[in-house]
Amino acid sequence: MSRTLETLVFENTYVRLPEDYYSRVAPEPLRNARLVAFNAEASALLDLDPAEANRPDFVAYFNGEKRLPNSDPIATLYAGHQFGVYVPQLGDGRALLLGEVRNARGEKWDLQLKGSGRTPYSRFGDGRAVLRSTIREYLCSEAMHALGIPTTRALCILGSDEPVYRETVERGAVLVRLAPTHVRFGSFEVFFYRRRAEDVARLANYVIEQFFPDRCALAIEERLAGLLQEVTVRTARLVAQWQAVGFAHGVLNTDNMSILGLTLDYGPFGFLDDYDPHFICNHSDVTGRYAFARQPGIALWNLQCLAQTFATFVPRERLAAILDTFRDVFFAEYERLMLAKLGLVNRRPEDTELLVDWLTLLERNRADYTIAFRRLSEVVPEDPAHPANARLQDVFVDRAAVAAWLDRYGARLAQDGLPTPERHRRMRAVNPKYILRNYLAHLAIERAQEGDFTEIERLLDVLRRPYDEQPTQARYAEPPPDWGKRLEVSCSS
Ligand code: AMP
Ligand code: MG
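Residues numbered from 1 in each chain as written. Chains lettered and ligands numbered in written order. Predicted model: local features only at pLDDT ≥ 70, side-chain atom pairs only at ≥ 80, totals over all residues. Heavy atoms only, no water.

A closer look at the site of ligand 1
Close contacts around ligand 1 come from 17 residues, with Gly91, Gly93, Arg123, Asp126 and Gly127 the closest. The backbone of Gly91 places a nitrogen or oxygen atom 2.6 Å from an oxygen atom of ligand 1. Between ligand 1 and Asp265, the relevant distance is 3.4 Å, taken from an oxygen atom to a side-chain nitrogen or oxygen of the residue. Relative to its unbound accessible surface of 480 Å², ligand 1 loses 82% to contact with the protein. A breakdown of the residues in the shell around ligand 1 according to their chemical character gives 2 nonpolar, 7 polar and 8 charged. (Near = heavy atom within 4 Å. Polar contact = N/O pair within 3.5 Å; in protein donor to acceptor, adjacent residues only side chain to side chain. Areas by Shrake-Rupley, 256 points an atom, 1.4 Å probe, with all protein chains shown as cover. Nonpolar A, V, L, I, M, F, W, Y, C, P; charged D, E, K, R; others polar.)

Brief notes about the domain arrangement of the protein
What the domain assignment lists for the protein is domain 1 (5–185) and domain 2 (344–417). One C-alpha centre belongs to domain 1, the other to domain 2; they are set 44 Å apart. (Domains from an automatic or database assignment.)

Thoughts on the coordination of the magnesium ion (ligand 2)
Looking at the metal site, the magnesium ion (ligand 2) is ligated by Asn256 (OD1) and Asp265 (OD), spaced 1.9 to 2.1 Å from it. Since its relative accessible area comes to 9%, Asn256 is described here as buried. Accessibility expressed as a relative area gives 13% for Asp265, which makes it buried. (Donors = N, O, S within 2.8 Å, 3.2 Å for Na, K, Ca; no water. Buried < 20%, exposed > 50% of the residue type's maximum accessible area, 1.4 Å probe, protein only.)

Overview of the packing of helix α6 (residues 220–245) against helix α8 (residues 316–342)
Their axes nearest at 8 Å, the elements α6 and α8 cross at an angle of 30°. Classed by the angle they form, the pair α6 and α8 counts as roughly parallel. Classified by chirality, the crossing of α8 by α6 is right-handed. Looking at the contact of α6 with α8 residue by residue, the classes come out as 16 nonpolar, 6 polar and 6 charged. (Axes fitted to C-alpha atoms, helices over the stretch in contact; angles between N-to-C directions. Helix = DSSP H or I, 4+ residues; strand = E, 2+ residues; numbered from the N terminus. Parallel < 35°, antiparallel > 145°, perpendicular 65-115°, else oblique. Left-handed = near helix turned anticlockwise from the far one by under 90°.)

With respect to the pattern of salt bridges
Applying the stated criterion to the full structure yields 45 salt bridges. Between Arg464 and Glu41 there is a salt bridge, with the nearest N and O atoms lying 3.5 Å from each other. Pair noted here: Arg464 is in the loop between α15 (454–463) and α16 (482–485) and Glu41 is in helix α1 (residues 40–43), with a separation of 423 residues, a long-range link. Judged by relative accessible area, Glu41 falls into the partly exposed class, the value being 38%. Where Arg184 meets Asp265, a salt bridge forms, and the shortest distance between an N and an O atom there is 3.3 Å. Of this pair, Arg184 sits in the loop between β10 (169–179) and α4 (185–193) while Asp265 is found in the loop between β11 (247–248) and β12 (270–271), placing the two residues 81 residues apart along the sequence. (Salt bridge = Lys/Arg side-chain N within 4 Å of Asp/Glu carboxyl O.)

With respect to the pairing of β10
Consecutive residues of a regular strand have side chains that alternate between opposite faces of the sheet. β10 sits mainly inside the fold: 9 of its 11 residues count as buried. As defined by bridge partners, strand β7 (residues 108–114) adjoins β10 across 5 bridges and the pair is classed as antiparallel. Each residue of the ladder has a partner; that of Asp110, found in β10, is Ala179. Bridge count between strand β8 (residues 129–130) and β10: 2 bridges; the pairing is antiparallel. If you follow Val130 over to β10, its bridge partner there is Gly172. As judged from the 9 bridges shared by strand β9 (residues 153–165) and β10, these two strands associate in the antiparallel manner. When the sheet's bridge partners are listed, Ala154 is paired in β10 with Arg177. Hairpin connection between β9 and β10: a loop of 3 residues separates the two successive antiparallel strands. (Pairing = 2+ DSSP bridges.)

Here's the deal with the packing of aromatic side chains
Scanning the entire structure with this criterion turns up 23 aromatic pairs. Note on Phe247 and Tyr266: the rings are 6.2 Å apart at their centroids and 65° apart in plane angle, and the pair reads as edge-to-face. Residue Phe247 is found in strand β11, and its partner Tyr266 is found in the loop between β11 and β12; the two are separated by 19 residues along the sequence. Both residues of the pair, Phe247 and Tyr266, count as buried. We note Arg136 situated over the ring of Phe269; from NZ or CZ to the ring centre the distance is 4.1 Å. Across from the ring centre of Trp301, 4.7 Å away, lies the NZ or CZ of Arg289, which sits over that ring. (Phe/Tyr/Trp six-rings, centres within 6.5 Å; stacked < 30°, edge-to-face > 60°. Lys NZ or Arg CZ within 6 Å of the ring centre and 35° of its normal.)

Re empty space enclosed by the protein
Using the criterion set out here, one finds 4 cavities of 30 Å³ or more in the structure. In this structure, the largest cavity spans a volume of roughly 110 Å³. Lining the largest cavity are 13 residues, and of these Thr76, Leu97, Asp110, His182 and Val183 sit closest to its centre. Elements represented by at least two residues in the lining of the largest cavity include exactly β6 (95–102) and β7. When the residues that make up the lining of the largest cavity are grouped by side-chain class, the tally is 5 nonpolar, 5 polar and 3 charged. Size it by volume and the second largest cavity reaches roughly 50 Å³. Around the second largest cavity sit Thr235, Leu238, Trp242, Asn256, Met257, Ser258, Gly261, Leu262, Thr263 and Leu264, which together line it. (1 Å grid on protein atoms, 1.4 Å probe; cavity = no way out; pocket = protein on both sides within 12 Å on 5 of 7 lines; lining within 4 Å. Points joined across faces, edges and corners; volume = space filled by probe spheres on them.)

Printed below as a string of structure tokens:
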């Protein structure tokens, strides 16, 4: 099934909610908008014929010069805890939900613009996004998807000549983003703090109807408790995946937490280069609230904020008992992922210590997280002279310490008895060679700002197959040059 822009099947459900859950807003077109990047893989989610991107109307529709038939653009209301402080009203300040598209497989996708101009929720903002930040979100959301991590998706980027004032003058851009829903924890908080418990329940019912329809018939307490349990499990697993791959979100405010456990709102995110649990990717995060190793604790804190909004309908002890499951789900998933990264099959009690010692080695030696795991996926500890072992040691300063650890590791592998080539294959399938390092995004952005968008395509093409060797693309697997480690990324984008 291949559709044109005019024949997309809209089924707009959010607008059926009460009118003060959103505001109808028209996008404000950018000056001289043009297509910067288009993602055919994401267009398939809408059943949209990728050839449609070549029509001038493609830009006109997503730039708001024309309205897509049956779309119904709205900015949605939400609130949230930002850096631990409750902010009573946020909302889509620069985003617009054009509508929801139902595809032939029965999936429904929010079609959302980000950077499309001011809305009633813009506060002091200009409603814009700069090219730099849209490229970062475009690349990262697709890279996360390819890594197997739940995330919003990206359809395309429009660039423009519109001046947008940040630290310097930049150019305005629009990201077209897709997700089953963009409902956030903060979408519930706004009603809770306005003492509108019925609306908390109504929104929860909406989410349940859309995504967990078999739970619709339950009593209200069961429905809400079930939803909280589902979000708790999904969030715990999501964050375990972030920790395993070395991803730091950067702004884990409750308004950036998806009710479906998706990675949402890419701002000053960063992937670890050197392994540093205290890594802070957001230059504005002076206290390190959202430092890499704090993400699991922060996710639980955010879930507590969500749970609180259900307290009218679910006894507090029951909410607390559900939140208590976060810890176990997170640790079980994190351990499962990390042991797979080590290539261990039959879990043994001493494995935790082996893992902790490995991570300590990485930290002490400031070893590159991704490269160290990838090279570990090639070692042959039973053959001490094997060149792959030396290649792993090259990532560390203290080679003797790695050799000692490799001895223990080799003995442990022998207990599993997995043939070496099979272990190598399994480990390469979970230890990516290619991640979106900050400096790689930076290089693609620099080129794009000069009008050359080809590097975005090239980089995305590599990131789509993060676990494959891709020998001709090996330069994208290099650690950052010195300048690339000191790039500053902050919230204002
Ligand atoms: P973020 O930090 O991007 O998750 O945004 C937090 C809140 O600020 C959300 O309500 C955004 O819609 C709003 N916001 C961020 N940047 C802008 C902007 N340039 N104009 C208007 N609102 C913005
Ligand atoms: Mg946000």
